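Understanding the architecture of this molecule
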Amino acid sequence: MSPTQSGAERLDPNRLPRHLAIIMDGNGRWAKERGLSRVKGHFEGSESVREVVRACRKLGLEVLTLFAFSTENWGRPKTEVRALMELLKRFLRKERQEMIDQSIRLKSIGQIERLPGDVRRLLEQTVAATAKGDKMVLNLALSYGSRAEIASACQRLAQRCLTGRLRPEEIDENRLAVELMDADLPEVDLLIRTSGEHRLSNFLLWQAAYAELLLTPILWPDFREAELIEALVEYQARERRFGLTSEQIQSGDPSGEEA
Ligand code: IPE
Ligand code: IPE
Ligand code: MG
């Protein structure tokens, strides 16, 4: 599909989010509505992942972070967890060459050490194989929980204080931010959650502090390129004020002094 056919001409290429994060939710309900197994829902969801990754690359986004598996998701039935791990392996095997060809760098955040060995190895291999990609970062949140991430960042800072390499008063927002797992990425500009749920579910609590939130009732397997573009159109219609007034933003003068 050409950009025109997909509706991308409705977007201002200069005002795209640099970093888009998505909570991909609703696979189970999508399957249930059709009398299918939850696993089939995840399978269809992985097709949405393919399509959304491609669309983001085509549009020119810098970073796409996808919440693929939370620390809480380990509590799901064993068969579902196993199927999700198999789908992840399938995705990594199938998309590896495409990511290399498209200069997409794969990265992950989360407790990777908790993943089964074969999944972890494949993930590490794919991250290494795509390391030179400089057009877009695909950041997969796997076995990810934001509170755990922040707690371990605090632990490392405290450790440095104990050994005298850091003074407690030196700990500020920037010091903490660089200890987080996505320190090399720009701030999240837009956070989308599909499936009509209105919660963050322990995702990027720190990083999304000033992200625009977009909550859509569309279930993840139905969220494809057209739905992504619709979401970006809505994002571009918003005014990001970062605590300032609308007048300050529109005049381009953050001091707010009138001429
Ligand atoms: C999101 O879909 C995928 C994961 C959490 C891995 P769900 O599996 O949560 O789908 P629902 O919420 O049950 O519909
Ligand atoms: C959040 O979805 C995690 C992912 C999308 C991977 P969940 O479906 O697990 O979230 P809750 O439990 O409904 O909040
Ligand atoms: Mg869910």
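Residues numbered from 1 in each chain as written. Chains lettered and ligands numbered in written order. Predicted model: local features only at pLDDT ≥ 70, side-chain atom pairs only at ≥ 80, totals over all residues. Heavy atoms only, no water.

**Thoughts on the pattern of salt bridges**
Side-chain pairs of opposite charge can arise where the charged atoms are in close proximity. Tallying each qualifying case throughout the model produces 31 salt bridges. With its nearest N and O atoms 3.5 Å apart, the salt bridge here joins Glu 33 to Arg 34. Given the relative accessible area of 59%, Glu 33 is considered exposed. Exposure remark for Arg 34: the relative accessible area of 40% places this residue in the partly exposed category. Here Glu 179 makes a salt bridge to Arg 156, at a shortest N to O gap of 2.9 Å. Linking Glu 179 in helix α7 (residues 173-179) with Arg 156 in helix α6 (residues 146-162), this pair joins segments that are 23 residues apart in sequence. Note on Glu 179: relative accessible area 12%, which makes it buried. A single network of salt bridges, built from pairs that share partners, joins Asp 25, Arg 29, Arg 193, Glu 197 and Arg 199. (Salt bridge = Lys/Arg side-chain N within 4 Å of Asp/Glu carboxyl O. Buried < 20%, exposed > 50% of the residue type's maximum accessible area, 1.4 Å probe, protein only. Helix = DSSP H or I, 4+ residues; strand = E, 2+ residues; numbered from the N terminus.)

**Let's talk about the packing of aromatic side chains**
Taken as a whole, this structure holds six aromatic pairs when the rule is applied. Taking the centre distance of 5.5 Å and the plane angle of 20 degrees together, the rings of Trp 220 and Phe 223 count as stacked. Here Trp 220 and Phe 223 have matching classes, each one buried. Three or more aromatic residues link up through ring pairs in this structure, and these residues are Phe 67, Tyr 144 and Phe 203. (Phe/Tyr/Trp six-rings, centres within 6.5 Å; stacked < 30°, edge-to-face > 60°.)

**Digging into the site of ligand 2**
In the neighbourhood of ligand 2, the contacting residues comprise Ile 23, Met 24, Asp 25, Phe 67, Ala 68, Phe 69, Asn 73, Arg 76, Arg 193, Arg 199 and Ser 201. Arg 76 is positioned such that a nitrogen or oxygen atom in its side chain is 3.3 Å from an oxygen atom of ligand 2. About the coverage of ligand 2: the protein hides 78% of its 390 Å² of free accessible area. When residues in the shell around ligand 2 are grouped by element, the largest group, three residues, is from strand β2 (residues 63-70). A breakdown of the residues in the shell around ligand 2 according to their chemical character gives five nonpolar, two polar and four charged. (Near = heavy atom within 4 Å. Polar contact = N/O pair within 3.5 Å; in protein donor to acceptor, adjacent residues only side chain to side chain. Areas by Shrake-Rupley, 256 points an atom, 1.4 Å probe, with all protein chains shown as cover. Nonpolar A, V, L, I, M, F, W, Y, C, P; charged D, E, K, R; others polar.)

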